[in-house]
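A look at the structure
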Amino acid sequence: GIMALFFQGIVLSHYNAYNLSDRAHVASEQIFSTFATLTETIVFVYMGMGVFTGGFETFDLTFSIVAFVACLIGRALNIFPLSWFANLCRKPLRSKISAKMQVVLWFAGLRGAIAFALSENMPGPHKDVYATATLTICVVTTVVCGGFTE
């Protein structure tokens, strides 16, 4: 679902650039920018409601910390090797992903709003633990990691 939407967006962005008039191109960019902002706001309102109305009786600090560290390690194991591989395939030095940018991608990329929505539908007896841990990671990464990036 999500990957299909990303792929469709990439393909249609190239299609639209060549087949729309300038006026229609500007209008479509503004409309989709408005939709993106609106849906992002809805997701963060949903997460905020989870903070203030959620039941934290089953909050497990150890699980949340272990999950957060696992997210950091997993993100690092994806960003750095894939960036290295992408840099191998890029010819000009200017278009390579710098080490500084790789750290920014690793550090700032953890948000987890989609993960929070998915954790709300997690089956099993420990659903509340998963949801509270995911919400904790989302809030920490949004406030801390987002606060340290420009």
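Residues numbered from 1 in each chain as written. Predicted model: local features only at pLDDT ≥ 70, side-chain atom pairs only at ≥ 80, totals over all residues. Heavy atoms only, no water.

The N-to-C vectors of helix α3 (residues 61-89) and helix α6 (residues 127-148) enclose an angle of 55°; their axes lie 9 Å apart at closest approach. Judged on the interaxial angle alone, α6 and α3 are oblique. As for the relative orientation of α3 and α6, their crossing is right-handed in sense. Side by side, α3 and α6 meet where F63, S64, A67, F68 and C71 of the first sit next to V129, Y130, A133, T136, I137, V140 and T141 of the second. A breakdown of the residues in the contact of α3 with α6 according to their chemical character gives nine nonpolar, three polar and no charged. (Axes fitted to C-alpha atoms, helices over the stretch in contact; angles between N-to-C directions. Helix = DSSP H or I, 4+ residues; strand = E, 2+ residues; numbered from the N terminus. Parallel < 35°, antiparallel > 145°, perpendicular 65-115°, else oblique. Left-handed = near helix turned anticlockwise from the far one by under 90°. Contact = heavy atoms within 4.5 Å. Nonpolar A, V, L, I, M, F, W, Y, C, P; charged D, E, K, R; others polar.)

Size it by volume and the largest pocket reaches roughly 920 Å³. In terms of lining, the largest pocket is formed by 26 residues, of which the most central are I2, L5, F6, A36 and T39. Elements that contribute at least two residues to the lining of the largest pocket include exactly α1 (2-19), α2 (22-53) and α5 (113-119). Among the residues making up the lining of the largest pocket, the classes are represented as 15 nonpolar, eight polar and three charged. (1 Å grid on protein atoms, 1.4 Å probe; cavity = no way out; pocket = protein on both sides within 12 Å on 5 of 7 lines; lining within 4 Å. Points joined across faces, edges and corners; volume = space filled by probe spheres on them.)

In this fold, V104 is placed in helix α4 (residues 99-108). With 40 residues separating them along the chain, V104 and S64 place their C-alpha atoms 23 Å apart.

Turning next to the packing of aromatic side chains. The final tally for this structure, using the stated rule, is two aromatic pairs. Between F63 and Y130, the ring centres sit 6.0 Å apart and the planes meet at 50°, which makes this aromatic pair tilted. Taken together, the positions of F63 in helix α3 and Y130 in helix α6 put the pair 67 residues apart, joining distant regions of the chain. Overall, the relative accessible area of 28% leaves Y130 in the partly exposed class. Note on F80 and W106: the rings are 6.3 Å apart at their centroids and 40° apart in plane angle, and the pair reads as tilted. Taken as a pair, F80 in helix α3 and W106 in helix α4 lie far apart in primary sequence, 26 residues in all. (Phe/Tyr/Trp six-rings, centres within 6.5 Å; stacked < 30°, edge-to-face > 60°. Buried < 20%, exposed > 50% of the residue type's maximum accessible area, 1.4 Å probe, protein only.)

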